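# Descriptive structure summary
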Amino acid sequence: MPDTPAVLATPRSRVRVPLRFHDGYTADAELVTFHGLADGQEHVAVVLGEPGPVPLVRLHSECLTGDVFGSARCDCGPQLREAVERITERGGVLLYLRQEGRGIGLYNKLDAYALQDEGLDTYEANAALGLPEDARDYTAAAQMLRALGIGELDLLSNNPDKAGQLRSLGVDVRDRVPTGVFTTAHNVRYLRAKVLQTQHTLPLAALTELSAG
């Protein structure tokens, strides 16, 4: 498990950016960049609303296909849209992490998609390519939270590994708040695999029924 980061990150810049989504929803955000992140990546904190003593936080891994192109093969785009609204209403931070394809990169993710078209699930496809099922490490996320003065939070996530890693890194995760369930005809097997392989908090019975339909 990760250890508490020995090196402290510091804010590098802050800039106000108005956000607008495809459905017309808008939000005002402050984007924060950092010096000293452990993995050297250009992660960004998106501060929304008025964060209180225990803000709502989401760790959102970059997904070009879902976030930008609206791919129906995953639920990343709808989760991003939902998170911005929920965090804005309560006050908190969305950490946009450069971890495409659960950390394996864009090209490898698309190679894994090709294997999924042959019948493998998302985790089996990674393994067939000789890659980790999930290569994400949240040390930089913990550094970003500390740099923003956040020591305790509620985590907006269906993924227990995110909460577990943050706790092991010294962040007090008071509660894990589930996201919505965003199914399409193209992502049901993907969502079902997340429940079976990595214990995501999603309704397995409903996903099994949809997958069989």
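Residues numbered from 1 in each chain as written. Predicted model: local features only at pLDDT ≥ 70, side-chain atom pairs only at ≥ 80, totals over all residues. Heavy atoms only, no water.

This paragraph deals with the sheet that holds strand S6 (residues 152-156). As summarised here, the arrangement of the 7 strands in space is S1-S2-S3-S5-S4-S6-S7, forming an open sheet in which the pairing is mixed. One side of each edge strand has no neighbouring strand; the edge strands of this open sheet are strand S1 (10-20) and strand S7 (172-177). Here the average twist between neighbouring strands, direction ignored, is 30 degrees. On top of the sheet, helix H6 (residues 139-147) reaches S1, strand S2 (26-35), strand S3 (44-48), strand S4 (56-61), strand S5 (92-97) and S6; it is set at about 145 degrees to S5, its chief contact. (Pairing = 2+ DSSP bridges. Helix = DSSP H or I, 4+ residues; strand = E, 2+ residues; numbered from the N terminus. Axes fitted to C-alpha atoms, helices over the stretch in contact; angles between N-to-C directions. Contact = heavy atoms within 4.5 Å.)

Every buried residue of helix H4 (residues 106-116) is accounted for by Lys-109, Ala-112, Tyr-113, Leu-115 and Gln-116. For H4, the angular spread of buried residues about the axis comes to 160 degrees, placing them on one side. (Buried < 20%, exposed > 50% of the residue type's maximum accessible area, 1.4 Å probe, protein only. Arc of directions from axis to C-beta.)

Next up on the list: the pairing of S3. With respect to burial, S3 is a largely interior element, 4 of its 5 residues being buried. Pairing between S3 and S5: 5 bridges, direction antiparallel. Paired with Val-47 across the strands is Val-93, a residue of S5.

Moving on, we come to the packing of aromatic side chains. Applying the stated criterion across every chain, the model contains 1 aromatic pair. Relative to Tyr-25, the ring of Phe-21 has its centre 6.3 Å away and its plane inclined at 40 degrees; by these criteria the two rings are tilted. A relative accessible area of 18% places Phe-21 in the buried class. Tyr-25 gets classed as buried once you look at its relative accessible area, which sits at 18%. Cation over ring: Arg-73 sits above Tyr-113, and NZ or CZ is 4.2 Å from the ring centre. (Phe/Tyr/Trp six-rings, centres within 6.5 Å; stacked < 30°, edge-to-face > 60°. Lys NZ or Arg CZ within 6 Å of the ring centre and 35° of its normal.)

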